[in-house]
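What follows is the residue order along each chain.
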Amino acid sequence: MSSKQSGPSYKWVCRIHDVYKDKHSLPSQTTSDHPLKSAIIERKLSHTPSAKVTNNVSDSTTIVEPLGVSLDGSDPLSSFAKLTYDPLSKIAADECVDELDEDSNEPGEVEGMEPWSVRRREILRRFTTSEKLTMVTFLLGGEKVTVKTPTSQIKNRLEQLDDFEEDSEYREADLTQKEYMARIELMHEDLLTAWQQDQKVTALKIIIQCLKLLVDTSVIQFYPSKFVLISDILDTFGELVYERLHSKSKCIVPGRDFGKPLPPKFTPDMVPESAKETCRNWFYKIASIRELVPRLYVEAALLKSYSFIKQNEQGPALLRLCRMVRGIGDPLVAAYTRCYLCRVASSLNCASQNFLKENICDFIASYNQLFNKIVRLDLAHQRVPVPEYLMLFPPAVDWMFQGYVFNASDKILDEVLAQCKVKINNGLLINAMLATFRSSYIAKHALQFFELISACSDEGFPQYLLLKQFGVCLNQCEPENSAEILSDVWLKVAQIKDSQNYLCVAEVWAEFISKHFASEEINSFLGDVVDHLMGKKECKENYDYLQSILKIILTHASDFYSLFSMNNLIPYLDLFKSDSTKVSLCKMILVEFSHRKNLILNDLVVINSFMFICRVLHDSVNALSIEDEKRQISNLLSCFIQRVDMGKKFEEQLSFYVNARAAFTNLDLVQTSLVQCVIRLACETHLIMKGNHSSRTASFVKACIAYCFITIPSISLEAFGVLTQLKLYLLTGQVALLNQCLGQADACLKAALSLVPKFPTSFIIDNVSKSSEPFLISYFCDFLSTLLVVPDNAEQEVLFLTRELIKTLRKYPWENELSRSYLYLYALDMLSTCVQVSYPYHVKNVDSNDVYYGSHSKFIKEVNWICSVILEEILAVLKAFAQPDKLRLQHELAAALLHRMVVRADLRDESVLTLCVNLIGLIKKTRSAASPNTYAISRIQDYLKWKTRKLPEISSENVYHLLSVKLKEAIKS
């Protein structure tokens, strides 16, 4: 543009002025008569459609013997239901029962003890088998039998159990574990079905059939899981019997016509005699079971039902059952039977210290049976090593020990320790003590326990598991002599040849070392792991252990910074040959690093270690990487870059940024972070020098700006890439201007303007397309405010950058012409400020155009010409808005332009005044077709009033008064 070109029709003249379980209840029905009335009932079993079981009962009311009472059709207490009482007695009875209800509370699990549900899941997960299993079941036969008397009825029931012993066996062989578990679950369903169909004897037969499977140890590795599955069925049976007895019981008290259900805490004297006899009948049936194991298990399952017939009977019954276990010859079967007794005792809160102690003492006394000749022959037959066999015991043995030693005094723990020490091959017992004793007790006797562990051989319980459990205990409570313990333990650990067993122990002791020792010990620990695994093929199979070890160290190390100065860290990472695993590990390290907010990196060795880790992550990015993965990695790398701070060693810092730019070329966010960091470095230099650069600091700042100018184009133009480049160019230009690098500032601003044509017209934000014009308008406002203080280049024409900006605005494909017009208005604001004698703000040590031109008439003439060209563009848009559907836009733009004319232009010029009058006419014309721009008009009125008051003469020659009057007339009309 040149002032010599032909001007527009309208002329602009600038004015210079100053200044944020649910339990599933079993189906039930109410009945008024006795369930065992005289009848002949035929039922079909769901799993044996051809078999029928018919139960006949007598209607005789004569009680021949105690066992027949519950089978009699009459209720011995029925006569009491017919009695009536006076109202006062009934009220007293109600209060008595209500008090019993209020005192009732369900027993819960002991706080601090591991619940069985957790152990159950762990057993099913660990103890599996790939061998074929065999299940021996019995065909439940039966025929229709008619019973006439209670005596014959009882005889029939007992004969049914005897017949069960003689039923034909059915053997299913070659079952997989999944098929075997499915068969057990089917038996569980059969039990529920038989119970719902009132086939109580059939249900008992199913339970006995299940329990006979517990005697079978042919596939011994699966025995713990089999125990869990069958004990679930047994628990169900015990609960069914209890619920049935409870439903048959009514709390009878004086003053009540009908009984009330028993409260949770009831006594046997509240239970009707018929319910007691039914309960006794169940225990008589159990006593008739021939085999020891089924009889013992079923009575244990029904132990809760003793509360119906005798108070405080459960404790003595437990002791009796505990002594019965001595008759079980197989040590594994006996151990899990003892475990079940402890489970039942715990659930009923009736486990006395005598029972628990006798249970433990019996097991310890019979401990040598685990290694007798018969057991060894059976293990040899199944090809099961002794250590693997002993590994089947901990779930049961630990549960027994836990019940006895939980919250026990040191005296009791000393007694157990003394009994276990004298046993040969006592690794299993040591493991139980380590798993159940208090950590503080083990820490106090750490050396004594280590001596016991050292004396164990791998021919018995695996020593590496004892070392692992020992480490778990010491992680919870630190011993006094930590260094001595670690030294002794690691001598044993280093001798473990199997890599998986070695890492299993090292994983636990990694926490102990990181918590209680410095980086030197951690470095030695990592070095030992590297030496143990270097060059071994099985290293790939143990990646999970290696990852876990490093995660534990990163989490618990007191000095996180020093970890990365260790010389064994990088060799440890090199153990991971799989790229995906190494990437995952490096990501974990950087995530942990990002969580430590105050950690600053200033040591070159540590920085190089992090650079190695970051390169692994960066190199994992390729064309197939998803955007979310790229963003996560970029954020982690940016966090590392921003944490590097070498103090006042600015040249070394810039050198680091140069190396990082070369290393992380594939990630735009990282390149953006690098540019921002270098810009910050230039600003820090300016701050230190207080704007007065020496030749050395001036050269350094120019190097920083050159770094940014070269790096910005490497950012991709996809998505928001163009906007990022535009902002970085402007920011770099502003910093260059701050540091008196005028040539570099001009180059950055020119580069920014050259990018505007590539700016997309819309962005995709949250899967919704949105116009990009608001971003561009905001950017140009910032750009114009910067141009005000940028001095002209002597080799270019006046306001060269401003002219280039206006050309860029004209060429850009705007979707909304109103947006371009508003940018023109903002340009008018900036140009009007350019001609002032002094600018409202400056950059220190930089002379702006107000100093260079000093409101010279030639400069003002050039500015007026540029403003006139812009005005012509705005008027063209106003003319284009003359269509009926755009009158609102025309009114809005006219009001905004009038505001600029009144405030910025010199109204003494006749053409400017004429244009203002025409704009007022246009506002008046479009007022009825659109909502008026009341804000702009009110501001114009206020300004005109102010100028009118400021001038002393108020006459028709006062242009401000004249415009004010015309504007009032336009608004009133």
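One structure accompanies this document, and this report is about it.

**Description of the overall build of the protein chain**
In terms of regular secondary structure, the protein chain is built from 42 helices and eight strands. Residue burial in the protein chain is summarised as follows: out of 973 residues, 52% are buried. Only carbon and sulfur atoms are counted for the fraction: they give 52% of the accessible area of the protein chain, which is about 46,400 Å².

**Points about the packing of helix 19 (residues 463–476) against helix 21 (residues 499–516)**
For the pair helix 19 and helix 21, the least separation of the axes is 9 Å and the interaxial angle reads 20 degrees. By the angle between their axes, helix 19 is roughly parallel relative to helix 21. The crossing of helix 19 and helix 21 is left-handed. Of the residues in helix 21, those in contact with Y464, L467, K468, F470, G471, V472, L474 and N475 of helix 19 are N501, C504, V505, V508, W509, E511, F512, K515 and H516. Here the contact of helix 19 with helix 21 is composed, by residue class, of 10 nonpolar, four polar and three charged.

**Focus: empty space enclosed by the protein**
Considered as a void within the structure, the largest cavity measures approximately 70 Å³ in volume. Lining the largest cavity are D746, K750, V790, P791, D792, N793, Q796, E797, F800 and L801. Of all elements in the fold, only helix 33 (742–755) and helix 35 (800–811) reach the threshold of two or more residues within the lining of the largest cavity. In the lining of the largest cavity, the residues fall into four nonpolar, two polar and four charged.

**Digging into the side chain of T217**
By the element assignment, T217 lies in the loop between helix 5 (200–212) and helix 6 (223–248). Since its relative accessible area comes to 10%, T217 is described here as buried. The contact partners of T217, leaving out residues within four places of it in the chain, are Y223, D330, V333, D378 and Q382.

**A short note on the packing of aromatic side chains**
All chains considered together, the criterion is met by 41 aromatic pairs. Between W490 and F525 the ring centres are 5.3 Å apart and the planes differ by 65 degrees, which places this aromatic pair in the edge-to-face class. One end of the pair, W490, is in helix 20 (residues 482–493); the other, F525, is in helix 22 (residues 519–533), and 35 residues separate them in sequence. Accessibility assignment for this pair places W490 and F525 in one class, buried. Among the aromatic residues, those joined into a cluster by ring pairs are F560, F564, F593, F610, F640, F656 and Y657. Here K285 stacks its cationic end above the ring of W282, 4.3 Å away from the centre of that ring. Sitting over the ring of F593, R643 keeps its end group 4.9 Å from the ring centre.

The rules behind each value
- Residues numbered from 1 in each chain as written.
- Predicted model: local features only at pLDDT ≥ 70, side-chain atom pairs only at ≥ 80, totals over all residues.
- Heavy atoms only, no water.
- Helix = DSSP H or I, 4+ residues; strand = E, 2+ residues; numbered from the N terminus.
- Buried < 20%, exposed > 50% of the residue type's maximum accessible area, 1.4 Å probe, protein only.
- Areas by Shrake-Rupley, 256 points an atom, 1.4 Å probe, with all protein chains shown as cover.
- Axes fitted to C-alpha atoms, helices over the stretch in contact; angles between N-to-C directions.
- Parallel < 35°, antiparallel > 145°, perpendicular 65-115°, else oblique.
- Left-handed = near helix turned anticlockwise from the far one by under 90°.
- Contact = heavy atoms within 4.5 Å.
- Nonpolar A, V, L, I, M, F, W, Y, C, P; charged D, E, K, R; others polar.
- 1 Å grid on protein atoms, 1.4 Å probe; cavity = no way out; pocket = protein on both sides within 12 Å on 5 of 7 lines; lining within 4 Å.
- Points joined across faces, edges and corners; volume = space filled by probe spheres on them.
- Phe/Tyr/Trp six-rings, centres within 6.5 Å; stacked < 30°, edge-to-face > 60°.
- Lys NZ or Arg CZ within 6 Å of the ring centre and 35° of its normal.

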